Amino acid sequence: MDCKEEEKMIPVFLQDELDIKALKQFIEHIDGCPECMEELSIQFLVAEGLERLEAGNNFNLQKALATRLLDARHQIKVRQILLQTLLCLEVAVGAAILIALIIVFKF
């Protein structure tokens with residue numbers, strides 16, 4: 001996607017409403033595009049800063065954004081590990097079925 005499309009995804013990211021595929025694409029783009037990262041920072045600072053000011057909380061918004069991005073990257077890695085594990089299990093079950101069929105038809 002281009003920057004304009006990714007910038008439209010920023011509010012959705014900030015609301016934690018991206019599915020895993022869109023999240024992965026968004027993070028990959030943000031990691032490689034300083035302009036979109038700057039726009040993300042601005043939108044995060046405005047949205048989160050206003051919310052925290054209203055609540056009267058102290059805050060470090062740069063650290064909060066870095067934590068949110070780190071969490072998103074972690075979520076992507078966990079999802080990839082789960083998908084790889086599922087694939088391995090499917091292969092193992094297939095192999096077990098094949099072995100069972102060989103044993104049944106051999107005897």
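Our subject is the structure that appears above.
Conventions used here
The residue numbers shown here count from 1 along each chain, following its written sequence. Where local features are concerned, this predicted model is filtered to residues with pLDDT of at least 70; where side-chain atom pairs are given and counted, the filter is 80 or more; whole-chain, interface and lining totals use all residues. Heavy atoms throughout the structure, all of them, feed into the side-chain values; hydrogens and water do not. Patches here: salt-bridge-free residues with over 30% relative accessible area, like charges joined within 9 Å, nonpolar side chains (Val, Leu, Ile, Met, Phe, Trp, Tyr) joined within 5 Å. For the area figures, the Shrake-Rupley method with a 1.4 Å probe applies, and any residue is considered shielded solely by the protein chains shown. Salt bridge, as applied in this entry: a Lys or Arg side-chain nitrogen positioned within 4 Å of an Asp or Glu carboxyl oxygen. We count a stretch as a helix when DSSP gives it H or I for four or more residues in a row; a strand needs E for two or more, and each element gets its number in order from the N terminus. Residues grouped as a nonpolar core are buried Ala, Val, Leu, Ile, Met, Phe, Trp, Tyr and Cys residues, joined through side-chain atoms within 4.5 Å. The buried label goes to any residue with under 20% of its type's maximum accessible area, the exposed label to any with over 50%, and the partly exposed label to all in between, with areas taken from a 1.4 Å probe on protein chains only. Contacts between residues were defined by any pair of non-hydrogen atoms, one from each residue, lying within 4.5 Å. For helices, the fitted axis covers only the stretch in contact; all axes are lines through C-alpha atoms, and the angles between them, taken along N-to-C directions, range from 0 to 180 degrees. For classification purposes, an angle smaller than 35 degrees is called roughly parallel, one larger than 145 roughly antiparallel, one from 65 to 115 roughly perpendicular, and anything else oblique. Each crossing is labelled by how the near helix is turned from the far one, with a counterclockwise turn of less than a right angle marking it left-handed and a clockwise turn marking it right-handed.

**Quick word on a nonpolar patch on the surface**
Residues Val93, Ile97, Leu101, Val104 and Phe105 make up a contiguous nonpolar surface patch of roughly 530 Å² in combined accessible area. Looking at the element boundaries, Val104 is found in helix α4 (residues 61-106).

**Comments concerning the nonpolar core**
Judged by nonpolar contacts, the single largest core of 18 residues is most densely connected at Phe13, Leu23, Phe26, Ile27 and Leu40. Secondary structure elements with two or more residues in this core: α1 (3-14), α2 (20-32), α3 (34-55) and α4. Top contributing element to this core by residue count: α4, with six residues. In contact with Phe26, not counting residues within four places along its chain, are Glu6, Met9, Ile10, Phe13, Leu18 and Leu40.

**Digging into the environment of Leu82**
By secondary structure assignment, the location of Leu82 is in helix α4. Between the alpha carbons of Leu82 and Ile10 there is a distance of 26 Å; along the sequence they are 72 residues apart.

**Things to note about the packing of α2 against α4**
Contact geometry of α2 with α4 gives a least axis separation of 10 Å together with a crossing angle of 130°. By the angle between their directions, the pair α2 and α4 is classed as oblique. The way α2 lies across α4 gives a crossing that is left-handed. In this structure, α2 contributes Ile20, Leu23, Lys24, Ile27 and Asp31 to the contact, and α4 contributes Leu69, Ala72, Arg73, Gln75, Ile76, Arg79 and Gln80.

**Here's the deal with the pattern of salt bridges**
Enumeration over the complete set of coordinates arrives at three salt bridges. For the salt bridge of Arg73 with Asp31, the shortest nitrogen-to-oxygen distance reads 2.4 Å. With Arg73 in helix α4 and Asp31 in helix α2, this pair connects stretches of sequence that are 42 residues apart. Across the salt bridge formed by Arg68 and Glu48, the nearest N and O atoms sit 3.9 Å from each other. Taken together, the residues Arg68 in helix α4 and Glu48 in helix α3 connect sequence positions 20 residues apart.

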